[in-house]
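Coordinate analysis (summary)
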Amino acid sequence: MVPFVGLPPPLAALVVGLASAAIGLLVGTLRSDAASATAVPLLVNVSEVNVKQLRIAASSLGVFRLAADSVDVEAALEASRSFFALPEAVKWSAKSATGVGGFKRGYIPLAGESGLRDYVELKEGFCYGAEPDGNESTATSSNATTESNGLKLLLSPNAWPDEHERALGPAWVPTMLRHLQACEALSNQLLRALSVAMGHEAGFLGALATGGEPISLMRLFHYFPNTTAPHVAPAVPRIGSSPHSDWHLLTIVVQDTTGGLQARRPDAAEWIDVPAEPGEIVIILGDYLSAISNGSFVAPVHRVLLPPPPTERFSFTYFRYPQYGALVPAESARRAQQRALRNARRRRRKLGSRAAEAFNTLIRATEGVGLEQLATTPFGDLLLHKWLGVAANKV
Ligand SMILES: O=C(O)CCC(=O)C(=O)O
Ligand SMILES: [Fe+2]
């Protein structure tokens, strides 16, 4: 643990804890100058876990790979494959009772949602979260009415398929919930490490995020090759997942080895392949985390390409939310906005008309203007607004 000699004890303990929990931040192709790094800043070797490397990964591409030690990738993917192999009628039975407000747990049919109206997303999905404990209305908020309504929606009961014990076996729901818990625990460790990498004490992000666990979501996807369902919107371009950034703190992606996930730097138009290696998971940083970091951590635009026929791709994505009522500190929101303005100018200079592409992000900020509202609007309200847009294919 030589790199951590000289850190204050809580920080050293954190870092040692990260290593011993075998989060295994893989380091290798990173260059020390984050701003000018052009290679994929994904990580290849478990030996050196340290705050500096995490900071570089977070502030260059905002995507990195970890050894999957604390997450059972095979069990998760197997549970996913068995769900998507169910007969259509059984999948459709997994419907959220409260499907209002754009947000639903349960089955997402083929092409059932699209990040941008310009694409058909050739995938089906399934969304679940923590089992609500019935105490959600006791959460604290400065805006109790909105928050308790919003929380009720986000904490709607899980919509497992009918007779799932018979169709999928008694171990299926426990496996799904175990995977959720493993990701939640890993996300808590990552939030501690990212707090330190941001220059704060380890509990900094946890203070905003505590209470975010129950509203955090797991979404599993089954991507189809382009030859599937040719009758669906034949004139509209097809993709697995259209370009977007993730809106929240961070995403944990478990994927099979098909590949197709790509990300890009804020100042570039080229897509960078995110490798799909066995025994690894992928972390993608989100818009909310980026704003809290004054915009210095990147929430990358990413997308998923269609798998080549006849391949199908399976992935599990865990969306780690902050608590419903979380606000970005005003000074951070202001500085994130300034940085977004600078980035937009740089993109325009470098990319010309290609810089004008619109993406599905938490705040549709025109050249960064709009990010200040993160300091005054609770995260949960912004999130529900986004889900409404997804349901209408209008984000
Ligand atoms: O399936 C994947 O690998 C990523 C999907 C994704 O980016 C998302 O759902 O936000
Ligand atoms: Fe995403």
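Residues numbered from 1 in each chain as written. Chains lettered and ligands numbered in written order. Predicted model: local features only at pLDDT ≥ 70, side-chain atom pairs only at ≥ 80, totals over all residues. Heavy atoms only, no water.

Section: the UniProt feature "domain: Fe2OG dioxygenase" (unreviewed entry) in the chain
Those places that UniProt annotates as "domain: Fe2OG dioxygenase" (unreviewed entry) correspond, in this numbering, to residues 214-322. A distance of 10 Å separates the end C-alpha atoms of residues 214-322, which is 6% helix and 39% strand. (UniProt positions renumbered as here; feature names shortened; annotations may be inferred. Helix = DSSP H or I, 4+ residues; strand = E, 2+ residues; numbered from the N terminus.)

Regarding the site of ligand 1
Taken together, Phe221, Tyr223, His244, Asp246, Val253, Leu261, His302, Val304, Arg313, Ser315, Thr317 and Phe319 make up the full set of residues near ligand 1. In this structure, His244 approaches ligand 1 through a side-chain N or O atom, which is 3.0 Å from an oxygen atom. Here an oxygen atom of ligand 1 sits 2.8 Å away from a polar atom, N or O, in the side chain of Arg313. Protein burial of ligand 1: of its 300 Å² of free accessible surface, 96% is covered by the chains. For the shell around ligand 1, the elements supplying multiple residues, two or more each, are β5 (217-223), β12 (301-304) and β13 (313-320). Sort the elements by how many residues they give to the shell around ligand 1 and β13 lands first, with 4 residues. Residues that form the shell around ligand 1 fall into these classes: 6 nonpolar, 4 polar and 2 charged. (Near = heavy atom within 4 Å. Polar contact = N/O pair within 3.5 Å; in protein donor to acceptor, adjacent residues only side chain to side chain. Areas by Shrake-Rupley, 256 points an atom, 1.4 Å probe, with all protein chains shown as cover. Nonpolar A, V, L, I, M, F, W, Y, C, P; charged D, E, K, R; others polar.)

A closer look at the pairing of strand β8 (residues 250-255)
By the criterion of burial, β8 is predominantly enclosed, with 6 of the 6 residues buried. Residues of β8 alternate between two faces, with Leu250, Ile252 and Val254 on one and Thr251, Val253 and Gln255 on the opposite face, all of them buried. Pairing analysis gives 4 bridges linking β8 to strand β11 (residues 280-285), with the strands arranged antiparallel. Each bridged residue has a counterpart across the sheet, and for Val253 the counterpart in β11 is Val282. Inspection of the sheet shows β8 paired to β13 by 6 bridges, in the antiparallel sense. Residue pairing across strands places Leu250 opposite Arg320, the latter belonging to β13. (Buried < 20%, exposed > 50% of the residue type's maximum accessible area, 1.4 Å probe, protein only. Pairing = 2+ DSSP bridges.)

Observations regarding the coordination of the iron ion (ligand 2)
Only His244 (NE2), Asp246 (OD) and His302 (NE2) from the protein coordinate the iron ion (ligand 2), and they sit 2.1 Å from it. The class for His302 is buried, based on a relative accessible area of 4%. (Donors = N, O, S within 2.8 Å, 3.2 Å for Na, K, Ca; no water.)

Section: the packing of helix α2 (residues 51-60) against helix α7 (residues 172-197)
With their axes 9 Å apart at the nearest point, α2 and α7 run at an angle of 90° to one another. It follows from the interaxial angle that α2 and α7 lie roughly perpendicular. On α7, the residues touching Val51, Leu54, Arg55 and Ala58 of α2 are Ala193, Leu194, Val196 and Ala197. Partitioning the contact of α2 with α7 into residue classes produces 7 nonpolar, no polar and 1 charged. (Axes fitted to C-alpha atoms, helices over the stretch in contact; angles between N-to-C directions. Parallel < 35°, antiparallel > 145°, perpendicular 65-115°, else oblique. Contact = heavy atoms within 4.5 Å.)

A word on the pattern of salt bridges
On inspection of all chains with the given rule, the structure shows 8 salt bridges. Note that Glu121 is salt-bridged to Lys123, the shortest N-O span being 3.0 Å. Residue classification places Lys123 among the buried residues on the basis of a relative accessible area of 6%. The salt bridge partner of Glu163 is Arg166, with a shortest N-O separation of 2.7 Å. In terms of burial, Glu163 and Arg166 fall into one category: exposed. Look at the salt bridges and you will find they share partners, linking Glu88, Lys91 and Glu124 into a network. (Salt bridge = Lys/Arg side-chain N within 4 Å of Asp/Glu carboxyl O.)

Here we look at the nonpolar core
Where a protein is soluble and globular, its nonpolar side chains tend to be buried together. Formed by 84 residues in total, the largest nonpolar core has its most connected members in Phe126, Tyr128, Leu194 and Ile281. Among the elements that make up this core, the one with the highest residue count is α7 (14 residues). Not counting chain neighbours up to four residues away, the residues in contact with Ile281 comprise Phe64, Arg65, Leu66, Ala67, Ala68, Val71, Val73, Leu186, Ile252, Val253 and Val254. Core analysis: the second largest hydrophobic core is formed by 12 residues, Ile272, Val282, Ile284 and Val304 among them. (Core = buried A, V, L, I, M, F, W, Y, C linked by side-chain atoms within 4.5 Å.)

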